Amino acid sequence: MIYLDNAATTMTKPPEVARAITEALGSFGGVGRGVHPASIQAGLAVYEARAAVSQLFDAPGPERVSFALNATMALNIAIAGLLPDGGKAVTTAASHNSVLRPLYAARDARDCAVEVVPIDDRGALDYDAFARACEGAALVAVTHASNLTGDVYDAARMADAAHAAGALVVLDAAQTAGAVPVDMGALGVDVVCFTGHKSLLGPQGTGGLCVAAGVDVPPLLEGGSGTHSFDERHPRFMPESLEAGTVNAHGLAGLAAGVAYLQQRGVADVATHEAQLVVRFVDGLHAVKGVRVLGGGSDAGRCGIVALNVADADSAGVADRLASEWDICTRAGAHCAPLMHRALGTERQGAVRVSFGPFSTEGEVDACLEALEVIAHDVSCGR
């Protein structure tokens, strides 16, 4: 199998990730649910995961890292907590539904205004238009990189514009966390939302948000916390305020192991590796008649994602052939990015997304190119 669907979830993990999860399953109790060794050991592992994530993103400290099931849950927590009733929110057409739908829900249920800054047919964002849109906004929620095209956007520039207008900034780093350096302090964002199962190389069911000092995100969920049990409402201090219920200590042990691998290898090294594969792939696609590469209009470049179409062939059919005839795993369809598809003119056709990971190889790139060349030839011949 050639696995080129890393933007959905990385399949190949460092061996220490599975080892950490296996060891945790046989030794962890509930975090904060006892004073016995099994509970204490689980609590220490979760703290180590907080510390690792905090260091990776240059967050203010481990106590400013709260864990969630994934980036979707983290974004819902941040958006619901920071966008006031009747307030204005700004996003871009590059956003995933995990940003768009919570904003639309706030629009429909809480009378909030939502302004979406367009993306052009090359995937580029007009930053001057973005700055104008931020006027009067309470919250700006934007993606760091398109999960469809891989285009990376200038988060620092967007944060500057948002702060100049008095808005807080929530950054969706689902596709960049672990794939390109994400320095919360340098970018100047208020909240970074991440998921563990993509480029952080952890298991599914892990993710969370890093919150800047002085930013108060009210709880989305209320329930058990292991502390302050006689209080009628959920604790309001981080990280517990955003973590109702039992924390996924087993999964977070695996996440910490994935982050440790990235810290040892270096995220910059991973970014360089994936960038080289992207260049090799895109250069190869330019030689395949009938193939259209989507996006690529951002000045900040791409992460390890390339979206394409073969003439007018249905994207699902192309992905199915790649899987059934060459055992190459990609993803076709809308990718939960409806506004991006509208901008690119691919609403009906969708797109085939090829996404590389830290363990992808040049040989896999070349094998995918050879398969696409055959498919493109067949499409041109009406087969």
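Here is a short report on the structure shown in this document. Here the residue numbering is sequential within each chain, running from 1 through the sequence in written order. Side-chain atom pairs in this predicted model are given and counted only at pLDDT of 80 or more, local residue features only at pLDDT of at least 70, and totals for whole chains, interfaces and linings cover all residues. Heavy atoms from the whole structure form the basis of all side-chain values; hydrogens and water molecules are not counted.

### Let's talk about the environment of Phe281
Point 1. Runs of E in the DSSP output that reach at least two residues are strands. Runs of H or I that reach at least four are helices, and both are numbered from the N terminus. With respect to the helices and strands, Phe281 occurs in helix 9 (residues 267-285).
Point 2. As for Phe281 and Val365, which are separated by 84 residues in sequence, their C-alpha atoms are 6.0 Å apart.
Point 3. Every residue in contact with Phe281, bar those within four places of it in the chain, is listed here: Val306, Leu308, Val354, Phe356, Val365, Cys368, Leu369 and Leu372. The contact criterion used throughout is that any non-hydrogen atoms of two residues lie within 4.5 Å.

### Side note on the packing of aromatic side chains
Point 1. Between the rings of Phe, Tyr and Trp (Trp by its six-membered ring), a pair exists once the centres lie within 6.5 Å; its type follows the angle of the planes, with under 30 degrees stacked, over 60 edge-to-face, and the other angles tilted. Per the stated rule, a full pass over the model turns up three aromatic pairs.
Point 2. Relative to Phe194, the ring of Phe57 has its centre 5.4 Å away and its plane inclined at 50 degrees; by these criteria the two rings are tilted. You can see Phe57 sitting in helix 2 (residues 37-57) and its partner Phe194 sitting in strand 7 (residues 191-195), a full 137 residues away along the chain. The burial state of Phe57 is the same as that of Phe194; both residues are buried.
Point 3. Where Phe281 meets Phe356, the ring centres are 5.7 Å apart and the plane angle is 85 degrees; that geometry is what we call edge-to-face. On the criterion of sequence distance, the pair formed by Phe281 in helix 9 and Phe356 in the loop between strand 13 (351-355) and helix 12 (362-380) is long-range, its members being 75 residues apart.
Point 4. When a residue's accessible area, from a 1.4 Å probe over protein chains only, is under 20% of the maximum for its type it is buried; when over 50% it is exposed; and in between it is partly exposed. Its relative accessible area of 0% is what places Phe281 among the buried residues.

### Some words on the pairing of strand 3 (residues 88-92)
Point 1. Of all five residues that make up strand 3, five are buried, and the element is covered over most of its length.
Point 2. The two faces of strand 3 match: Lys88, Val90 and Thr92 on one face and Ala89 and Thr91 on the other face are all buried.
Point 3. Bridge count for strand 3 against strand 4 (residues 113-117) is five bridges, and the pairing is parallel. Within strand 4, the residue paired with Val90 across the bridge is Glu115.
Point 4. Remark: the strand 3/helix 4 (residues 97-110)/strand 4 crossover connection has right-handed handedness.
Point 5. Where strand 3 meets strand 5 (residues 139-143), two bridges bridge the pair, whose relative direction is parallel. Residue pairing across strands places Ala89 opposite Leu139, the latter belonging to strand 5. Paired strands, in this sense, are two strands between which DSSP finds at least two bridges. For crossovers, right-handed means that the path from the first strand over the helix to the second runs clockwise, given strands pointing away from the viewer.

By themselves, these observations are geometric and do not establish any function.
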